[in-house]
Amino acid sequence: MRTTVETTKYLVNSDGTIYSKHIQRNKKYEVDKHGYLRTIYKCENCGSNRPVSVHIIIYRTFNGISVCSCLNKEKGYLKSESLVIDHINNDKLDNRLSN
């Protein structure tokens with residue numbers, strides 16, 4: 001079953017897809033040098049555009065953590081408190097929330 005979390009700019013789905021309301025289609029992904037899918041993410045608070053791994057966007061959105069570091073700093077999160085996200089099936093391209 002697919003679950004969706006809506007933000008101002010995106011619909012983030014538990015199946016690992018991210019829909020952009022602005023361009024009205026799913027975001028395009030590319031594989032980074034470490035083998036993870038990433039996409040350009042525009043922060044809803046500070047407006048910065050930067051590449052972010054898709055699995056980080058999925059996890060943080062569904063767990064109520066800001067994807068952009070500008071909001072995490074305001075909430076008191078430190079870089080040393082970074083999360084490590086484990087792909088259960090060891091497939092770096094599988095970004096489903098259940099994985």
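In this text the structure is predicted, and so the values were computed from the model without any measurement.

*Asks:* Whenever I open this one, the overall build of the protein confuses me. Can you help?
*Replies:* Regarding its fold elements, the protein presents two helices and seven strands. Relative to its 99 residues, the protein shows a buried fraction of 31%. Taking the contacts inside the protein whose residues are at least 6 apart along the sequence as the reference set, 36% of them involve residues at least 24 apart. Counting every atom, the protein has about 6600 Å² of accessible surface; 50% of that belongs to carbon and sulfur.

*Asks:* What am I meant to see in the sheet that holds strand S3 (residues 18–20) here?
*Replies:* Picture the strands of a sheet paired through backbone hydrogen bonds; they go either parallel or antiparallel. Within the open sheet, the four strands sit side by side as S1-S2-S3-S4. Their pairing is antiparallel. Here the strands that pair on one side only, and so sit at the sheet edges, are strand S1 (4–6) and strand S4 (25–26). Bridge count for S3 against S4 is two bridges, and the pairing is antiparallel. Counterpart to Ser20 in the pairing with S4 is Arg25. Its contacts with the sheet put helix H1 (residues 54–62) on S1, strand S2 (10–13) and S3, and the angle it makes with S2 is roughly 95 degrees.

*Asks:* In this structure, what is going on with the nonpolar core? I would like to understand it.
*Replies:* The nonpolar side chains of a soluble globular protein tend to be buried with one another. Grouped together as the largest cluster of nonpolar side chains are ten residues: Tyr10, Val12, Ile18, Leu37, Tyr41, Val52, Val54, Ile57, Ile58 and Val67. Breaking this core down by element, the ones donating at least two residues are S2, strand S6 (37–42) and H1. A per-element tally of this core places H1 first, with three residues. Those residues in contact with Val67 that sit more than four places away from it in its chain are Tyr41, Arg50, Val52, Ile57, Arg60 and Thr61.

*Asks:* Just checking my understanding: could you explain the sheet that holds S6 for this structure?
*Replies:* A sheet is described by the order of its strands in space; here three strands give the open sequence S5-S6-S7, paired in antiparallel fashion. Edge positions in the open sheet fall to strand S5 (30–31) and strand S7 (49–53), since each of these has one partner strand only. Where S5 and S6 come together, two bridges link them in antiparallel fashion. Paired with Glu30 across the bridge in S6 is Arg38. Across the sheet, H1 is in contact with S6 and S7; its angle to S7 comes to roughly 90 degrees.

The rules behind the values
Residues numbered from 1 in each chain as written. Predicted model: local features only at pLDDT ≥ 70, side-chain atom pairs only at ≥ 80, totals over all residues. Heavy atoms only, no water. Helix = DSSP H or I, 4+ residues; strand = E, 2+ residues; numbered from the N terminus. Buried < 20%, exposed > 50% of the residue type's maximum accessible area, 1.4 Å probe, protein only. Contact = heavy atoms within 4.5 Å. Areas by Shrake-Rupley, 256 points an atom, 1.4 Å probe, with all protein chains shown as cover. Pairing = 2+ DSSP bridges. Axes fitted to C-alpha atoms, helices over the stretch in contact; angles between N-to-C directions. Core = buried A, V, L, I, M, F, W, Y, C linked by side-chain atoms within 4.5 Å.

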